[in-house]
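Here's the letter readout for the chains.
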Amino acid sequence: KLTVEDLMDLRMLDRKMLEYLNLRRKYGYVIICGKNGTGKTHLLNALLDEIPHNESVLVVQENEELFSNVHPDMMFQHIAVRKGDNKINYSLKELVVNGLRTDIDHIVIGEIKGEEALYFISAALSGCNGMTTIHSTDAAGALDKLADYCKWESDYSREDVLKLLSCVKTIVYINDFKIQEVVENHGWDEERKQ
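Residues numbered from 1 in each chain as written. Predicted model: local features only at pLDDT ≥ 70, side-chain atom pairs only at ≥ 80, totals over all residues. Heavy atoms only, no water.

With respect to the packing of helix α5 (residues 116–125) against helix α6 (residues 139–153)
Geometry of a packed helix pair, given as the angle between the helix axes and the separation of the axes. Contact geometry for α5 and α6: axes closest at 7 Å, N-to-C directions at 105°. It follows that α5 is roughly perpendicular to α6 by the angle criterion. Residues Ala117, Leu118, Tyr119, Phe120 and Ile121 of α5 form the contact with α6, whose participating residues are Leu146, Tyr149, Cys150 and Glu153. For the contact of α5 with α6, a count of residues per class yields eight nonpolar, no polar and one charged. (Axes fitted to C-alpha atoms, helices over the stretch in contact; angles between N-to-C directions. Helix = DSSP H or I, 4+ residues; strand = E, 2+ residues; numbered from the N terminus. Parallel < 35°, antiparallel > 145°, perpendicular 65-115°, else oblique. Contact = heavy atoms within 4.5 Å. Nonpolar A, V, L, I, M, F, W, Y, C, P; charged D, E, K, R; others polar.)

Observations regarding the nonpolar core
With 37 residues, the main nonpolar core has Ile31, Phe120, Leu146, Leu165 and Val168 as its most contacted residues. Secondary-structure elements contributing two or more residues to this core are β1 (29–34), β2 (57–61), α4 (92–99), β4 (106–109), α5, α6, α7 (158–164) and β6 (168–175). If we skip the residues at most four places from it in the chain, Val168 touches Tyr29, Ile31, Phe120, Leu143, Leu146 and Asn185. (Core = buried A, V, L, I, M, F, W, Y, C linked by side-chain atoms within 4.5 Å. Buried < 20%, exposed > 50% of the residue type's maximum accessible area, 1.4 Å probe, protein only.)

Some remarks on the packing of α4 against α5
Between α4 and α5, the least distance of the axes is 8 Å, while the angle of their chain directions is 15°. For the element pair α4 / α5, the angle class is roughly parallel. Crossing hand, α4 versus α5: left-handed. Contacts between α4 and α5 involve Leu92, Lys93, Val96 and Val97 from the first element and Glu116, Tyr119 and Phe120 from the second. Grouping the constituent residues of the contact of α4 with α5 by class yields five nonpolar, no polar and two charged. (Left-handed = near helix turned anticlockwise from the far one by under 90°.)

Points about the environment of Ile121
Assignment of secondary structure puts Ile121 in helix α5. The exposure class of Ile121 is buried, given its relative accessible area of 2%. For the pair Ile121 and Lys1, spaced 120 residues apart in sequence, the C-alpha to C-alpha distance is 28 Å. Once residues lying within four places of it in the same chain are set aside, the contact partners of Ile121 are Cys150, Leu164, Leu165 and Cys167.

Quick notes on α4
Along α4, the positions that sit buried rather than exposed are Leu92, Leu95, Val96 and Gly99. Down the axis of α4, the smallest arc covering the buried residues is 95°, so these residues share one side. On its buried face, α4 is in contact with β2, β3 (74–78), β4 and α5. (Arc of directions from axis to C-beta.)

Written out as structure tokens, the structure is:
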């Protein structure tokens, strides 16, 4: 696991950016986006250890990539895919929904790539903070991608989904293992419809 110190040595971010991301996490959901292999998961994994130890965290993921050896109140769950006669099937969607039934401060989703996007928004609108990663070619495109995924699971209009995405406060775009762009989301602009 790369720590934030390791990432700073590799010039993904500097101390000022780390302080900024820790501050932004307190105001709402943070999305880390970029293409495959750009360092999204490394940054998310390092930021897990930055969450204050008096705050509880649920991390749901498809693969066991995220972990913390230092945070005392962090629970990790991963999907269970039905195989053969086994009737057990827990997708990211079910894990997030179950997480909403617990007393937690943060919900972290390893990577959003489907219907769990809608439940990510539900968690954010329930008062939890959280972080996730998503594939995108730029920061603004991450919200569009989230909206598309939410449409797969709901009959919300695209505009309704984009309004709900006001809960996402910060979008970090990574390319070539370096933070390239950070966008603060200030909510839906009714006049411009974006």
